[in-house]
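Here's the letter readout for the chains.
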Protein chains: 4
Amino acid sequence: MRYFENITDRERAIFEAGITLGAIYHQFSGTPVSPETADEVARCIERAAELQPCVERAEVDIEVEENDTDNYGGYTEVSGRNLRVRLVTRCGDWEAVARLEFVEELNYPLMWIEEVRRVRD
Amino acid sequence: MRYFENITDRERAIFEAGITLGAIYHQFSGTPVSPETADEVARCIERAAELQPCVERAEVDIEVEENDTDNYGGYTEVSGRNLRVRLVTRCGDWEAVARLEFVEELNYPLMWIEEVRRVRD
Amino acid sequence: MRYFENITDRERAIFEAGITLGAIYHQFSGTPVSPETADEVARCIERAAELQPCVERAEVDIEVEENDTDNYGGYTEVSGRNLRVRLVTRCGDWEAVARLEFVEELNYPLMWIEEVRRVRD
Amino acid sequence: MRYFENITDRERAIFEAGITLGAIYHQFSGTPVSPETADEVARCIERAAELQPCVERAEVDIEVEENDTDNYGGYTEVSGRNLRVRLVTRCGDWEAVARLEFVEELNYPLMWIEEVRRVRD
């Protein structure tokens with residue numbers, strides 16, 4: 001498509017991975033979640049992410065522990081501290097593997113590219 | 001709880017229904033969805049809503065039709081036009097039944113109270 | 001409007017306050033914010049809230065301190081811990097004053113009704 | 001930073017542009033807006049985006065017209081149809097210019113890279 005003539009397939013795989021990680025984080029942060037519902041919410045986020053352009057596969061994990069729900073509401077919410085994502089995007093012959101995870105040493109929910117690789121079916 | 005001494009149980013059932021309808025709409029609007037994933041996303045919204053204070057039951061329906069996905073991405077998103085919610089809250093002896101639905105004559109995704117009733121277990 | 005015949009004006013002022021508090025929390029949680037931008041984001045939330053039905057006035061405060069930005073990104077985000085809202089809704093002769101604030105003893109960002117009062121212009 | 005050793009500065013400028021476009025869209029879609037408040041909300045989105053890693057400048061426009069508010073609420077909301085973003089990211093010697101805009105022929109709010117260029121201060 002003419003909109004992507006400025007960049008290579010490898011670069012677009014990286015660009016789309018960025019879009020989808022940013023989308024997941026900002027769409028779902030704040031969603032009420034408990035130990036009992038964490039898996040169902042994670043699957044829902046995967047299904048939503050996999051609809052976005054170039055996304056081949058999304059693996060989402062929401063780590064909620066019992067003591068996270070020690071509060072008036074008895075639940076917690078999806079946040080940069082409990083959300084982990086591994087995403088595979090593909091454009092042409094290129095695949096990017098991207099991650100989102102809270103990195104303690106950075107005190108920050110980092111989004112990064114773990115690997116970019118050429119694939120052939 | 002002292003925070004709710006200003007209002008009756010009936011009023012609190014109504015208040016909490018409002019909170020949860022507002023929460024659902026603004027948390028999930030924009031979520032990518034397709035005819036294939038609509039049910040899974042609807043269940044996820046129900047699970048999230050049912051964690052909120054006083055919510056007894058949430059029934060969510062996302063009406064996505066094939067032609068809603070006639071676009072470059074091949075999917076659509078949760079919005080005031082396709083989201084329908086029926087919520088039951090309870091506080092003490094009072095239950096409120098609240099709804100969210102796009103009302104054509106208002107051209108607006110209306111949130112309203114369908115019924116408030118006294119219950120006894 | 002026939003949709004609100006089931007409830008009184010007083011109840012609707014309470015219902016709409018709930019909607020708008022839930023909306024604010026779930027729309028804006030996750031928004032990047034710093035000590036320098038907190039006021040501008042707070043004003044934006046006020047303007048958005050004041051468009052919603054029956055909302056007369058919204059006062060929003062986002063308390064971001066320098067050490068909240070001690071992380072790789074150098075910023076933090078709007079959350080239940082730093083967001084405070086005071087909202088006035090009106091329906092007919094009734095005004096409700098609603099609040100959102102993190103309550104330490106509940107370890108929870110509570111939404112409650114501070115006052116409901118009859119007003120006359 | 002070791003997390004970004006897999007990719008070049010040029011690629012990271014592209015990646016971070018993707019993250020921030022995805023973030024803006026999914027954070028702010030659904031925000032109540034009117035012709036009178038559109039500029040203030042746009043400025044708020046710019047301030048939020050400019051806090052994210054590598055973002056040099058964000059230019060946001062929300063095109064709300066009077067007839068968009070012909071509904072019960074008298075306002076509309078930020079969406080893929082009215083939101084336009086131009087973003088400049090920089091990593092090392094590389095700048096990426098990214099855009100978000102509803103493209104009629106695609107019937108889709110497209111995010112793309114308009115230009116990637118080497119810069120020298």
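Coordinates for the structure precede this section.
This write-up is about the structure you can find in this document. Only a predicted model underlies this, so the values are computations on that prediction, with no experimental measurement involved.

1. Digging into the overall build of chain A
Scanning chain A from terminus to terminus reveals 2 helices and 6 strands. Of the regular secondary structure in chain A, the N- to C-terminal order runs α-β-α-β-β-β-β-β. Evaluated residue by residue, chain A yields a buried proportion of 64% over its 121 residues. Considering only residue pairs separated by 6 or more positions, chain A has 54% of its internal contacts joining residues 24 or more positions apart. Looking at charge distribution, chain A has the averaged site of its 14 positive side-chain charges lying 9 Å from that of its 26 negative ones.

2. Focus: the interface of chain C and chain B
Frequently, the measure chosen for interface size is the accessible area that the parts lose on association. Facing 31 residues of chain C, the contacting portion of chain B comprises 31 residues. In terms of surface lost to chain B, no three residues of chain C exceed Y3, F15 and H26 of chain C, which account for 25% of the buried area on that side. Taken together, the links from chain C to chain B amount to 4 salt bridges. Of the charged contacts, one joins E105 of chain B and R2 of chain C as a salt bridge, the two residues approaching to 3.4 Å between their closest N and O atoms. Listing elements by their share of the side of chain C that touches chain B, those giving two or more residues are α1 (9–28) and β6 (108–118) of chain C. Tallying contributions element by element places α1 of chain C first for the side of chain C that touches chain B, with 12 residues. Within the side of chain C that touches chain B, the residues separate by chemical class into 19 nonpolar, 6 polar and 6 charged.

3. As for the relation of the copies chain C and chain B
For the match of chain C to chain B, the screw axis carries a shift of 0.0 Å, the RMSD comes to 0.0 Å, and the turn is 180 degrees. The transformation just described matches what one would write down for a two-fold rotation axis. Of the interface residues in chain C, 100% have counterparts in chain B that sit at the interface too, so the contact is made through matching surfaces.

4. Some details on the interface of chain A and chain D
On the side of chain D, 31 residues touch chain A, which itself brings 31 residues to the contact. Interface area for chain A against chain D, summed over the two sides, is near 2,600 Å², with a carbon-plus-sulfur share of 65%. Three residues, Y3, F15 and H26 of chain A, lead the burial of chain A against chain D; their summed loss comes to 25% of the area buried on that side. For the pair chain A and chain D, the interface holds 4 salt bridges. Joining chain A to chain D, the criterion identifies 12 residue pairs in polar contact (both at pLDDT 80 or more).

5. Comments concerning the sheet that holds strand β4 (residues 83–91) of chain B
Consider a sheet: its strands pair through backbone hydrogen bonds, and that pairing is either parallel or antiparallel. Residue and element names in this part refer to chain B. Read across the open sheet, the 4 strands follow the order β2-β4-β5-β6; overall the sheet is antiparallel. In this open sheet, the two edge strands, each paired with only one partner strand, are β2 (55–62) and β6 (108–118). When strand polarity is set aside, the average angle formed by the axes of neighbouring strands in this sheet is 10 degrees. Two elements, β4 and strand β5 (residues 94–103), share 7 bridges in a ladder whose sense is antiparallel. Opposite V88, over in β5, you have V97 as the bridge partner. Lying on the sheet, helix α1 (residues 9–28) is in contact with β2, β4, β5 and β6; it crosses β4 at an angle near 150 degrees.

6. Comments concerning the pattern of salt bridges
Residue and element names in this part refer to chain B. Tallied over the entire structure, the rule returns 64 salt bridges over all chains. Between R99 and E114 there is a salt bridge whose closest N-O contact spans 2.3 Å. With R99 in strand β5 and E114 in strand β6, the pair connects residues that are 15 residues apart, well separated along the chain. Given a relative accessible area of 18%, R99 falls into the buried group. The exposure class of E114 is partly exposed, given its relative accessible area of 29%.

7. So, the side chain of Q27 of chain D
Following the sequence through the fold, Q27 of chain D ends up in helix α1 (residues 9–28). With relative accessibility at 2%, the residue Q27 of chain D sits in the buried group.

8. Quick look at the relation of the copies chain A and chain D
In summary, the two copies of the chain are related to each other by a rotation about an axis coupled with a shift along it. Of the transformation placing chain A onto chain D, the axial shift is 0.0 Å and the rotation is 180 degrees, giving an RMSD of 0.0 Å. An overlap of 100% is found between the interface residues of chain A and their copies at the interface of chain D, pointing to a shared contact surface.

9. Overview of unusual backbone geometry
Residues and elements named next belong to chain C. Of note, the phi angle at C54 is positive, near 75 degrees, even though the residue is not glycine. Of note, the phi angle at N107 is positive, near 50 degrees, even though the residue is not glycine. Secondary-structure assignment places N107 in the loop between β5 (94–103) and β6. On the basis of relative accessible area, N107 is assigned to the partly exposed category, the value being 33%.

10. Details of helix α2 (residues 38–49) of chain C
A rise of 1.5 Å per residue sets the reference length of α2 of chain C, with its 12 residues, at 16 Å; its end C-alpha atoms lie 16 Å apart and thus fit the reference within 8%. The set of residues buried in α2 of chain C consists of A38, V41, A42, C44, I45, E46, A48 and A49 of chain C. Contact partners of the buried residues in α2 of chain C: α1, β1 (32–33), β2 (55–62) and β4 (83–91) of chain C together with β1 (32–33) and α2 (38–49) of chain D.

11. What to know about the packing of α2 of chain C against α2 of chain D
Angle between the axes and distance between the axes: these two values describe a pair of packed helices. Two elements in contact, α2 of chain C and α2 of chain D, have axes separated by 9 Å at closest approach and are oriented at 145 degrees. Note on packing geometry: the crossing formed by α2 of chain C with α2 of chain D is left-handed. Touching E40, V41, R43, C44 and R47 of chain C of α2 of chain C are E40, V41, R43, C44 and R47 of chain D, all from α2 of chain D. A class-by-class count of the residues in the contact of α2 of chain C with α2 of chain D yields 4 nonpolar, no polar and 6 charged.

Rules used in this analysis
Each chain has its residues counted from 1, running along the sequence as written. Here chains are named by letter from A upward and ligands by number from 1 upward, in the order in which they appear as written. The predicted nature of this model means local features are confined to residues of pLDDT at least 70 and side-chain atom pairs, given and counted, to a pLDDT of 80 or more, with totals for whole chains, interfaces and linings taken over all residues. Working from all heavy atoms in the structure, the side-chain values ignore hydrogens and water. A helix here means a DSSP run of H or I that spans at least four residues, while a strand means a run of E at least two residues long, and both kinds are numbered starting from the N terminus. Here's how the labels work: a residue is buried when its accessible area is under 20% of the maximum for its type, exposed when over 50%, partly exposed in between, all with a 1.4 Å probe on protein chains only. Contact between two residues is taken to exist if any of their heavy atoms lie within 4.5 Å; hydrogens are not considered. His residues and chain termini do not enter the charge count, which takes Lys and Arg as positive and Asp and Glu as negative. The atom standing in for a charge is NZ when the residue is Lys, CZ when it is Arg, CG when it is Asp and CD when it is Glu. Once two parts are put together, the accessible area they lose, assessed with a 1.4 Å probe and summed over both, is termed the buried area. Here, a salt bridge means any Lys or Arg side-chain nitrogen found within 4 Å of an Asp or Glu carboxyl oxygen. Note that Gly is not counted as nonpolar here; it falls among the polar residues with everything else outside the nonpolar set of Ala, Val, Leu, Ile, Met, Phe, Trp, Tyr, Cys and Pro and the charged set of Asp, Glu, Lys and Arg. Only residues with pLDDT of at least 70 in both copies count here: their C-alpha atoms drive the least-squares fit that superposes the copies. In protein, a polar contact requires one atom able to donate a hydrogen and another able to accept it; more generally it is a pair of N or O atoms within 3.5 Å, and residues adjacent in sequence count only if both atoms are side-chain atoms. Two strands qualify as a pair provided that DSSP identifies no fewer than 2 bridges between them. Helix axes are fitted only over the stretch in contact, all axes being lines through C-alpha atoms; the angle between N-to-C directions runs from 0 to 180 degrees. One less than the residue count of a helix, multiplied by 1.5 Å, gives the span that helix is expected to have. Whether a crossing is left-handed or right-handed is set by the direction in which the near helix is turned from the far one by less than a right angle, anticlockwise for left-handed and clockwise for right-handed.

Purely spatial values, then, with no claim about function.
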